[in-house]
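Breakdown of the fold
Below are the chains, spelled out letter by letter.
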Number of protein chains: 4
Amino acid sequence: MGEVTERAENAVRQLVGEQLAPGDRLPSERTLVDDLGVSRTTVRLVLLKLSAEGLVRAEHGRGYFVSERPG
Amino acid sequence: MGEVTERAENAVRQLVGEQLAPGDRLPSERTLVDDLGVSRTTVRLVLLKLSAEGLVRAEHGRGYFVSERPG
Amino acid sequence: MGEVTERAENAVRQLVGEQLAPGDRLPSERTLVDDLGVSRTTVRLVLLKLSAEGLVRAEHGRGYFVSERPG
Amino acid sequence: MGEVTERAENAVRQLVGEQLAPGDRLPSERTLVDDLGVSRTTVRLVLLKLSAEGLVRAEHGRGYFVSERPG
DNA sequence: GTGGTCTAGACCACT
DNA sequence: GTGGTCTAGACCACA
């Protein structure tokens, strides 16, 4: 995993862990693209990783949400 | 066609083929939204497809009805 | 215009004149149906009248909004 | 088909017929949203119709292209 | 109170 | 950064 992706991942992890509560919706993919200054591919790579960890959960057409049971 | 739409399509096909008779009225779009747990857009996509096939026919202000000649 | 429609009209007029500001969105047609306890036909009749007066303006798919220049 | 969609359809037809040549790429759906002032749903409805007619062809991840054989 | 049209914006699959 | 799928919910036309 490259340097850019790693920085994006840490930014999203921090957002989820420190600024959001379980059940909260994350910023949209396109908002994260703008805010983090990375490509949509990179954003999705990060979100897919966090989804696999169970930290967040995607709902088609609605958004990403912070999981109730992290892990 | 996506996974969600496909499941909804199968549910409506089964309803039309097994529980309703020619001339019967289908549940309203909004009822199907509740019963199938999908958006109205997805419900309409399915009903439009079945209409194009001639399985059902829409009547503005009245509802959807099972066709007399399926096919 | 019947008694029921008149009561509904007065309720919406009061809402627009006293509780909302120019540019604000009105409650949706279906919300007004529930809140006023009248049919959709009655609600639309009232909103059409207020639109004709220039008090409110409809935007398809978005809602009704209080006009900037009432009248 | 509604009034808004019809206007959008005519605009795209004119673009395809008068300003683009076979093989040319159309503006992206999101660009058309901005240019035509309608929602992406409406844009897609128009493009789906023109695709069904064979006037244009969609390529996933690449864009819409003017067909070689219009019709 | 139904089907028809339209808005706004999300995630997904792909290049 | 495109097209593809899906959500949510608004007003419109009709019965």
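Residues numbered from 1 in each chain as written. Chains lettered and ligands numbered in written order. Predicted model: local features only at pLDDT ≥ 70, side-chain atom pairs only at ≥ 80, totals over all residues. Heavy atoms only, no water.

Chain A has the name Winged helix-turn-helix domain-containing protein in an unreviewed UniProt entry, where Phytohabitans kaempferiae is given as its organism.

All names here are of chain A. For E9, the location among the structural elements is in helix 1 (residues 3-19). We classify E9 as buried; its relative accessible area is 7%. Of the polar contacts made by the side chain of E9, one reaches the side chain of R13; its length is 2.8 Å. (Helix = DSSP H or I, 4+ residues; strand = E, 2+ residues; numbered from the N terminus. Buried < 20%, exposed > 50% of the residue type's maximum accessible area, 1.4 Å probe, protein only. Polar contact = N/O pair within 3.5 Å; in protein donor to acceptor, adjacent residues only side chain to side chain.)

What follows covers the protein's contact with DNA strand F. Neighbouring DNA strand F are 44 residues; B:T5, B:T42, C:R40, C:R44 and D:R40 lie closest to it. What you see for DNA strand F is that sugar and phosphate hold 61% of its atoms within 4 Å of the protein. With respect to DNA strand F, the side chain of D:Y64 contributes an N or O atom lying 3.0 Å from a phosphate oxygen. The residue makeup of the surface near DNA strand F, split by class, is 7 nonpolar, 19 polar and 18 charged. (Near = heavy atom within 4 Å. Nonpolar A, V, L, I, M, F, W, Y, C, P; charged D, E, K, R; others polar.)

What follows concerns the protein's contact with DNA strand E. The environment of DNA strand E is formed by 43 residues, the closest being A:E29, A:R40, A:R44, B:R40 and D:T5. Those atoms of DNA strand E that come within 4 Å of the protein belong to sugar or phosphate at a rate of 62%. A distance of 2.6 Å separates a base nitrogen of DNA strand E from a polar side-chain atom of B:R40. Between DNA strand E and C:H60 there is a distance of 2.8 Å, counted from a base oxygen to a side-chain nitrogen or oxygen. Here the residues of the surface near DNA strand E are counted per class, giving 7 nonpolar, 18 polar and 18 charged.

Here the focus is the layout of surface pockets. Here the largest pocket defines a volume of roughly 2,300 Å³. Residue assignment for the lining of the largest pocket shows that the elements contributing at least two residues are helix 2 (29-36), helix 3 (40-53), strand 1 (56-59) and strand 2 (63-66) of chain A, helix 1 (3-19) and helix 3 (40-53) of chain B together with helix 1 (3-19) and helix 3 (40-53) of chain D. Split by residue class, the lining of the largest pocket holds 13 nonpolar, 17 polar and 13 charged. Computed from the structure, the second largest pocket encloses a volume of approximately 530 Å³. If you trace the second largest pocket, you find 13 residues lining it, with B:E29, B:R30, B:R40, B:R44 and B:H60 closest to the centre. At the level of secondary structure, the elements contributing two or more residues to the lining of the second largest pocket comprise helix 2 (29-36), helix 3, strand 1 (56-59) and strand 2 (63-66) of chain B. Across the lining of the second largest pocket, the residue classes break down as 2 nonpolar, 4 polar and 7 charged. (1 Å grid on protein atoms, 1.4 Å probe; cavity = no way out; pocket = protein on both sides within 12 Å on 5 of 7 lines; lining within 4 Å. Points joined across faces, edges and corners; volume = space filled by probe spheres on them.)

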